[in-house]
Amino acid sequence: MSTIIAPSLLAADFGNLQRDIEMVNESEADWFHLDIMDGVFVPNISYGMPIIQAIKKHAKKTLDVHLMIVQPERYIETFAKLGADILTVHYEACPHLHSTVQSIKASGIKAGVSLNPHTPISVLEDIILDVDLVLIMSVNPGFGGQKFIENTYKKVGDLRSLINKTGSKALIEVDGGVNDQNISALKKAGVDAFVAGSFVFNHKNPTEIISKLKSI
Ligand code: DX5
Ligand code: ZN
């Protein structure tokens, strides 16, 4: 399977959002990564429903929605109606994770689970067969532009072993500090999908950078 590149719109220019969405549409990117933050689960607030609606209107690719919010189960239907294709919740925000994952799938979308940097892969042992995607945070969630945490390689290896052992079909996605220096080793460790925010949008030629990441 070829590498999936998911530019994070958190790093886009919100004054020129349509332009940046069209750039992703026309690029070799595969998904749009949408970061939803509530100021409670993480110490930052990003954007909400009207912006997601506007993104959906123009985006022609898979919407990969990353919920960094408490009690995400309250909004599953809302995000399904807004057009999310993949809905990822945080393990740390879900005391009833199995139930939340089942609700996401029942609403007709793919279910992802995300782990903070300190959360070990072993917590997924009894849910891995139910999820479509695992999002490993390679920075502490809340902000773009942070430094990649090196322990991520070990976690990707642990997750790849768990997936192989169980026969799970889950995709492995990594989020935070992804760039042209770490993508190749991450790919070798078994990552399927890469979120890239500042590395793409802070570049003078984002289309070219997407193409570069895609070809590594
Ligand atoms: C961080 C978000 C990321 C962020 C990545 O909490 O989940 O998706 O946008 O940004 P970069 O690629 O700049 O680390
Ligand atoms: Zn994210």
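These numbers come from a predicted model, not from an experiment. (Residues numbered from 1 in each chain as written. Chains lettered and ligands numbered in written order. Predicted model: local features only at pLDDT ≥ 70, side-chain atom pairs only at ≥ 80, totals over all residues. Heavy atoms only, no water.)

**Remarks on the coordination of the zinc ion (ligand 2)**
In step 1: Taken together, the protein donors to the zinc ion (ligand 2) comprise His33 (NE2), Asp35 (OD), His66 (ND1) and Asp175 (OD), at separations of 2.0 to 2.3 Å.
In step 2: Taken together, the six donor atoms coordinating the zinc ion (ligand 2) and their angles of 69 to 166° define a geometry best described as octahedral.
In step 3: For the zinc ion (ligand 2), all donor residues lie on one chain, and their spacing in sequence is H-x1-D-x30-H-x108-D. With His66 in strand E3 (residues 62-68) and Asp175 in strand E7 (residues 171-175), this pair connects stretches of sequence that are 109 residues apart. Here His66 matches Asp175 in class, with each residue buried. (Donors = N, O, S within 2.8 Å, 3.2 Å for Na, K, Ca; no water. Tetrahedral: all angles 85-135°; square planar, octahedral: opposite > 155°, others 65-115°. Helix = DSSP H or I, 4+ residues; strand = E, 2+ residues; numbered from the N terminus. Buried < 20%, exposed > 50% of the residue type's maximum accessible area, 1.4 Å probe, protein only.)

**Topic: the site of ligand 1**
In step 1: Around ligand 1, a shell composed of 20 residues is seen, among which Asp35, Gly142, Asp175, Gly197 and Ser198 lie nearest.
In step 2: One of the side-chain N or O atoms of His33 is found 3.4 Å from an oxygen atom in ligand 1.
In step 3: Notes on ligand 1: free accessible area 380 Å², of which the protein chains cover 99%.
In step 4: Secondary structure elements with two or more residues in the shell around ligand 1: strand E2 (31-37), E3 and strand E8 (193-196).
In step 5: The element best represented in the shell around ligand 1 is E2, accounting for three residues.
In step 6: When the residues that make up the shell around ligand 1 are grouped by side-chain class, the tally is eight nonpolar, ten polar and two charged. (Near = heavy atom within 4 Å. Polar contact = N/O pair within 3.5 Å; in protein donor to acceptor, adjacent residues only side chain to side chain. Areas by Shrake-Rupley, 256 points an atom, 1.4 Å probe, with all protein chains shown as cover. Nonpolar A, V, L, I, M, F, W, Y, C, P; charged D, E, K, R; others polar.)

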